Amino acid sequence: MLRDKGAALLLLGAPVLYGFFYPWFYAPQVVQRVPVALVVQDASGLSRQMQRFAQASPRIDPRLVTADEGLARAALMRGEVQGYALIAPDFKRDVVRGAAVVVPVYANGAYPLAAKQVHYGFAEAFGTVSAGVELKRLQAGGQSAQQAAASRSPVNLQAVALFNPTEGYGSFVVAAVALLILQQTLLMGGALLVGTWREQGLAHAGARDWLARLLALCVPGWLAGLFYFGWIFVLQDYPRGGNPLGALALLGVFTPAVAGCACLLGWWLAERERALQVALFTSIPLAFLAGFTWPAEALPEPLQWLRWLSPSTAAIQASLRLNQAGAPIAAVLPHLAWLGLLALASWAAVLALGRGRRAAV
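Residues numbered from 1 in each chain as written. Predicted model: local features only at pLDDT ≥ 70, side-chain atom pairs only at ≥ 80, totals over all residues. Heavy atoms only, no water.

**Notes on the sheet that holds strand β4 (residues 105-107)**
What the 4 strands build is an open sheet, ordered β2-β1-β3-β4; its pairing is mixed. Strands with a single pairing partner mark the edges of an open sheet, and in this sheet they are β2 (60-66) and β4. Geometrically, the sheet is characterised by an average inter-axis angle of 25° between neighbouring strands, direction not taken into account. Pairing of strand β3 (residues 83-87) with β4, which is carried by 3 bridges, proceeds in the antiparallel orientation. Among the inter-strand pairings, Tyr84 is bridged to a residue of β4, identified as Tyr106. Of the strands in this sheet, β1 (34-40), β2, β3 and β4 are in contact with helix α3 (residues 69-78), which crosses β3 at around 170°. (Pairing = 2+ DSSP bridges. Helix = DSSP H or I, 4+ residues; strand = E, 2+ residues; numbered from the N terminus. Axes fitted to C-alpha atoms, helices over the stretch in contact; angles between N-to-C directions. Contact = heavy atoms within 4.5 Å.)

**Overview of the pairing of β2**
In this structure, β1 lies alongside β2, joined through 6 bridges in parallel fashion. Of the residues in β2, the one forming a bridge with Val36 is Pro62. With respect to chirality, the unit in which β1 leads through helix α2 (residues 45-56) into the neighbouring parallel β2 is right-handed. (Right-handed = clockwise from strand over helix to strand, strands pointing away.)

**Some thoughts on the nonpolar core**
Judged by nonpolar contacts, the single largest core of 58 residues is most densely connected at Trp210, Phe229, Phe233, Leu250, Phe254, Cys263 and Phe292. Mapped by element, the contributors of at least two residues to this core are α1 (5-24), α7 (169-200), α8 (207-236), α9 (244-269), α10 (272-280), α13 (311-324) and α14 (333-354). Broken down by element, the residue count for this core peaks at 17 residues, all from α7. Among all residues touching Phe233, those that are not within four sequence positions of it are Ala175, Ala178, Tyr228, Tyr238, Pro239, Arg240, Asn323 and Gln324. Grouped together as the second largest cluster of nonpolar side chains are 18 residues, Val34, Met50, Val95 and Ala125 included. (Core = buried A, V, L, I, M, F, W, Y, C linked by side-chain atoms within 4.5 Å. Buried < 20%, exposed > 50% of the residue type's maximum accessible area, 1.4 Å probe, protein only.)

**Considerations on the packing of α9 against α13**
Packing of α9 against α13 brings their axes to within 10 Å, and their N-to-C directions diverge by 170°. Judged on the interaxial angle alone, α13 and α9 are roughly antiparallel. Residues Gly246, Ala247, Leu250, Phe254, Ala257, Val258 and Cys261 of α9 form the contact with α13, whose participating residues are Pro311, Ser312, Ala315, Ala318, Ser319, Leu322 and Asn323. Taken together, the residues of the contact of α9 with α13 sort by class into 10 nonpolar, 4 polar and no charged. (Parallel < 35°, antiparallel > 145°, perpendicular 65-115°, else oblique. Nonpolar A, V, L, I, M, F, W, Y, C, P; charged D, E, K, R; others polar.)

**Focus: α3**
Residues Glu69, Ala72, Ala75 and Leu76 constitute the buried set of α3. Each buried residue of α3 lies within a common arc of 125° when the element is viewed along its axis, so the set occupies one face. Looking at α3, the residues exposed on the side facing more than 90 degrees away from the buried face are Met77 and Arg78. Buried residues in α3 make contact with β1, β2, β3 and β4. Looking at where α3 begins, the residue whose side-chain oxygen comes 2.9 Å from the main-chain nitrogen of Gly70 is Asp68. Gly79 sits one or two residues past α3 and shows a positive phi near 85°. (Arc of directions from axis to C-beta. Polar contact = N/O pair within 3.5 Å; in protein donor to acceptor, adjacent residues only side chain to side chain.)

**Considering α9**
Think of an α-helix as 3.6 residues a turn; residues three or four steps apart then line up on the same face. Across its 26 residues, α9 extends 37 Å between first and last C-alpha, which sits within 8% of the 38 Å expected from 1.5 Å per residue. A positive backbone phi angle near 65° is found at Ala270, which sits one or two residues after α9. (Expected span 1.5 Å × (residues − 1).)

**Things to note about the packing of α13 against α14**
Packing of α13 against α14 leaves a shortest axis separation of 9 Å and a crossing angle of 150°. If you check the angle between α13 and α14, you find them roughly antiparallel. Relative to α14, α13 is oriented so that their crossing is left-handed. In this structure, α13 uses Pro311, Ala314, Ala315, Gln317, Ala318 and Arg321 to contact α14, whose residues at the interface are His335, Trp338, Leu339 and Leu342. Counted by class, the contact of α13 with α14 contains 7 nonpolar, 2 polar and 1 charged residues. (Left-handed = near helix turned anticlockwise from the far one by under 90°.)

**Points about the side chain of His335**
With respect to the helices and strands, His335 occurs in helix α14. Once residues within four sequence positions are removed from consideration, His335 is found in contact with Trp308, Ala314, Gln317, Ala318 and Arg321.

**Examining the environment of Pro58**
With respect to the helices and strands, Pro58 occurs in the loop between α2 and β2. Here Pro58 falls in the partly exposed class, since its relative accessible area comes to 48%. Filtering out sequence-adjacent residues up to four positions away, Pro58 remains in contact with Gln32 and Arg33.

**A few points about unusual backbone geometry**
The phi dihedral of Arg33 falls on the positive side, at around 50°, and the residue is not glycine. By the element assignment, Arg33 lies in the loop between α1 and β1. Backbone geometry at Asp237 places phi at a positive 60°, although glycine is not the residue there. Tracing the chain through its elements places Asp237 in the loop between α8 and α9. By relative accessible area, which is 56% here, Asp237 ends up exposed.

Here's what the structure looks like:
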């Protein structure tokens, strides 16, 4: 394995490279100061107050303030801003009259994270102003400041993210994709090795030889898993360590399952380069099938069953529960049992295929 430079690069080098390279894109965690426009067609003090609150929001950055909605729409189409809000004429008059006032917010839906910040930023800024207006109206009706505050918000809501305190995108996606990275690097490296053996006529060997090969393939997978769980997550400050023993148990069954599947893939394709080509382009589909970026219930029913043939599906679900949420092992026993069954089935299939006389080179 170590003498094959291509396999060694995939099995040992790629997990280290991905460990630093992949989280780098999500280092900011939360999108902030998204450029927006503000269309103000009402020349009142209340409109200016809403503009000041929008400028103070950490989520959005009003780059363009104009009374012409066409300019804001053109800036949005050119990509100079990611959204805009419209304060219509007679805005303050309608508020004073007690009419239901709607401030429309338009965002570029092609970038969901930025669009989310545009909506939330304007909603928080304008909601704060709206709350102030409501408090003044209640006080004008004879209530004290304390009574007005209680009437305005009788039940206080405090949202706390338990398992992703920063609510960052990196903490959400990298923690799950890490298992897929471990699988794909081991899958490609192992399939490449077996494909090479098939080309060279070295694939047929005894049971002891194949057990040694499978265990050798497990070593870089276990090391890479410890590297991610024990160091990369700490370096990037992702949620981690909820159940360390459970995470070790997961690695103990996940890596053999992937090693067995890698050998079967390499045996089936029987070519060194073909194994790399096929495994490389399965990463994105497997990410969507794993159930963390796309709800599994929304998948066609055949895919809901077929996705469990990939070890990453059960491993990602178990990892998020054990390493991030701190669930007990009992909560993921079905996932661990399924990974163990995949490992036993794939190893048995490899041993059965590997029987026979070694072909002459």
